[in-house]
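Residues per chain, in single letters:
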Amino acid sequence: RFIAKPCAITLGIQDSGAHRAQPNAILEKVFTAITKSPDGRRLEGLSKQLDWDVRKIQRWFRHRRNQDKPTTLTKFCESMWRFTFYLSIFFYGIRFLWTAPWFWDTRQCWYNYPFQPLTSSLYYYYILELAFYWSLMFSQFTDIKRKDFLIMFVHHLATIGLITFSYMNNMVRVGTLVLCLHDASDFLLEAAKLANYAKYQRVCDAFFMLFGVVFIVTRLGIYPFWILNTTLFESWELIGPYPSWWLFNGLLVTLQVLHVIWSYLIVRTASKALVQGKVSKDDRSDVESSSEEEDVAPNSTKGVFSPSSNGSNRLNGHVAGGQWTG
């Protein structure tokens, strides 16, 4: 409110929403009481009732859906908040772990387990991360619903379960490694979104490519060969199959499956960017598409293709197409 918004205004981001649909009592009643995306049969009925062209009714519903979506200024402020948190917590974690023996030798995570001291800096690191992921769990029900809603829901459940479970079982050493590894790429994605909202496309593409590289290296390289190696094999060797071994590692493997899915989406988006010269439409986007519902003047025989009314595509949480959204 006091930092992000002035920054956005300085960059020329206006607090203007999407094109508003013209007032129509009949269509508004259908939109609020029946469906926000009428099928062909209902569109034909409304066309006869209002004496409107079907494309005009489609355009009205698209504008009506888009006008409820957040403005670019709102999305910029949200991304700046997440960028600030991810960057701060990542550097906090690196600063804390740099002097921790288990950061350099993962076998230290299991020596003297479970009788390992819980320092205040480690405690606050855990509490901050847990609070943030709980906030993400609740906010996803009020944010724009994306195609990967279920994947993100499973991700948040697994993350909260891991943080809580590892804290209760005093597996906080290996837990800090998992947390820091996941924070390494998230702030880069938010930086790419901020650049896109400010219309710095080249900066946006550069941050996205950097994010993709860091994401794949950390999630498909370091995570399985560093984290899963110590939780699956080193722990078994040093302390044996403790009672919660299967549940703990089951949650970690679930995260790895999600990493593979997201890496596939990132690679596909990046490959399109290399071909087209900029980050292209993301496949998990749920944004209104003008290719299916072009803005056509009444009684016109030629469609006019235009950007979607809110001018955006999105991915993850995370990655976005032609433009980025939160």
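Everything numeric here is computed off the predicted structure, so don't read it as measured data.

## A look at the UniProt feature "transmembrane region" (unreviewed entry) in the protein
Then, number 1: The sites that carry the UniProt feature "transmembrane region" (unreviewed entry) are, in the present numbering, residues 83-103, 123-142, 207-226 and 246-267.
Then, number 2: Between the first and last C-alpha atoms of residues 83-103 the distance is 25 Å; the span itself is 86% helix and 0% strand.
Then, number 3: Across residues 246-267 one finds 100% helix and 0% strand; the C-alpha atoms that close the span lie 31 Å apart.

## What to know about the nonpolar core
Then, number 1: Membership of the largest hydrophobic core comes to 56 residues, with the highest contact counts inside it found for Leu97, Trp102, Leu177, Phe211, Tyr223, Phe248 and Leu252.
Then, number 2: For this core, the secondary structure elements donating two or more residues are helix H5 (72-97), helix H6 (101-104), helix H7 (120-139), helix H8 (149-168), helix H9 (172-197), helix H10 (201-239) and helix H11 (245-276).
Then, number 3: With 12 residues, the top contributor of residues to this core is H9.
Then, number 4: For Tyr223, the residues in contact, after removing those within four places along its chain, are Val178, Leu181, His182, Thr218, Leu228, Leu252, Leu255, Gln256 and His259.
Then, number 5: By size, the runner-up hydrophobic cluster in this structure holds 10 residues, among which are Leu27, Phe31, Leu46 and Ile57.

## A closer look at the environment of Glu78
Then, number 1: With respect to the helices and strands, Glu78 occurs in helix H5.
Then, number 2: Along the sequence, Glu78 and Lys5 sit 73 residues apart, while their C-alpha atoms lie 9.8 Å from each other.

## Quick word on the pattern of salt bridges
Then, number 1: All told, the structure shown has 4 salt bridges when counted by the stated rule.
Then, number 2: Among the salt bridges present, the one from Glu237 reaches Arg107, with a minimum N-O distance of 3.3 Å. Taken as a pair, Glu237 in helix H10 and Arg107 in the loop between H6 and H7 lie far apart in primary sequence, 130 residues in all.
Then, number 3: A relative accessible area of 24% places Arg107 in the partly exposed class.
Then, number 4: Among the ionic pairs, Glu190 bridges to Lys193, the shortest N-O distance being 3.7 Å. With a gap of 3 residues between them, Glu190 and Lys193 both fall in helix H9, about one helical turn apart. Judged on exposure class, the residue Glu190 and its partner Lys193 are both buried.

## Quick look at the packing of H7 against H8
Then, number 1: Contact geometry of H7 with H8 gives a least axis separation of 10 Å together with a crossing angle of 155 degrees. Overall, the two elements H7 and H8 adopt an arrangement that is roughly antiparallel. Our pair here, H7 against H8, has a crossing hand that is left-handed. Each of Tyr123, Tyr126, Glu129, Leu130, Tyr133, Trp134, Leu136 and Met137 in H7 lies in contact with H8, whose residues at this interface are Phe153, His155, His156, Leu157, Thr159, Ile160, Ile163, Thr164, Ser166 and Tyr167.
Then, number 2: Here the residues of the contact of H7 with H8 are counted per class, giving 12 nonpolar, 5 polar and 1 charged.

## Observations concerning the packing of aromatic side chains
Then, number 1: Within this structure, the stated rule accounts for 27 aromatic pairs.
Then, number 2: Relative to Phe61, the ring of Trp60 lies with its centre 5.2 Å away and its plane at 80 degrees, an arrangement referred to as edge-to-face. Neither residue differs from the other here; Trp60 and Phe61 are each classed as buried.
Then, number 3: An aromatic cluster is present here, built from Trp81, Phe85, Tyr86, Phe132 and Tyr133 joined pairwise through their rings.

## A few points about helix H2 (residues 25-33)
Then, number 1: Listing the buried residues of H2 in full gives Leu27, Val30 and Phe31. Projected down its long axis, H2 carries its buried residues within an arc of 100 degrees, all on one side. The exposed set on the far side of H2, more than 90 degrees from its buried face, consists of Ala25, Lys29, Thr32 and Ala33.
Then, number 2: Residues of H2 that are buried sit in contact with helix H3 (40-50) and helix H4 (54-66).

## Things to note about the packing of H10 against H11
Then, number 1: Running from amino to carboxyl end, H10 crosses H11 at an angle of 160 degrees, the nearest separation of the two axes being 10 Å. On the basis of the axis angle, H10 is roughly antiparallel to H11. The chirality of how H10 crosses H11 is left-handed.
Then, number 2: Of the residues contributing to the contact of H10 with H11, the split by class is 24 nonpolar, 8 polar and 1 charged.

Reading the values: the criteria
- Residues numbered from 1 in each chain as written.
- Predicted model: local features only at pLDDT ≥ 70, side-chain atom pairs only at ≥ 80, totals over all residues.
- Heavy atoms only, no water.
- UniProt positions renumbered as here; feature names shortened; annotations may be inferred.
- Helix = DSSP H or I, 4+ residues; strand = E, 2+ residues; numbered from the N terminus.
- Core = buried A, V, L, I, M, F, W, Y, C linked by side-chain atoms within 4.5 Å.
- Buried < 20%, exposed > 50% of the residue type's maximum accessible area, 1.4 Å probe, protein only.
- Contact = heavy atoms within 4.5 Å.
- Salt bridge = Lys/Arg side-chain N within 4 Å of Asp/Glu carboxyl O.
- Axes fitted to C-alpha atoms, helices over the stretch in contact; angles between N-to-C directions.
- Parallel < 35°, antiparallel > 145°, perpendicular 65-115°, else oblique.
- Left-handed = near helix turned anticlockwise from the far one by under 90°.
- Nonpolar A, V, L, I, M, F, W, Y, C, P; charged D, E, K, R; others polar.
- Phe/Tyr/Trp six-rings, centres within 6.5 Å; stacked < 30°, edge-to-face > 60°.
- Arc of directions from axis to C-beta.

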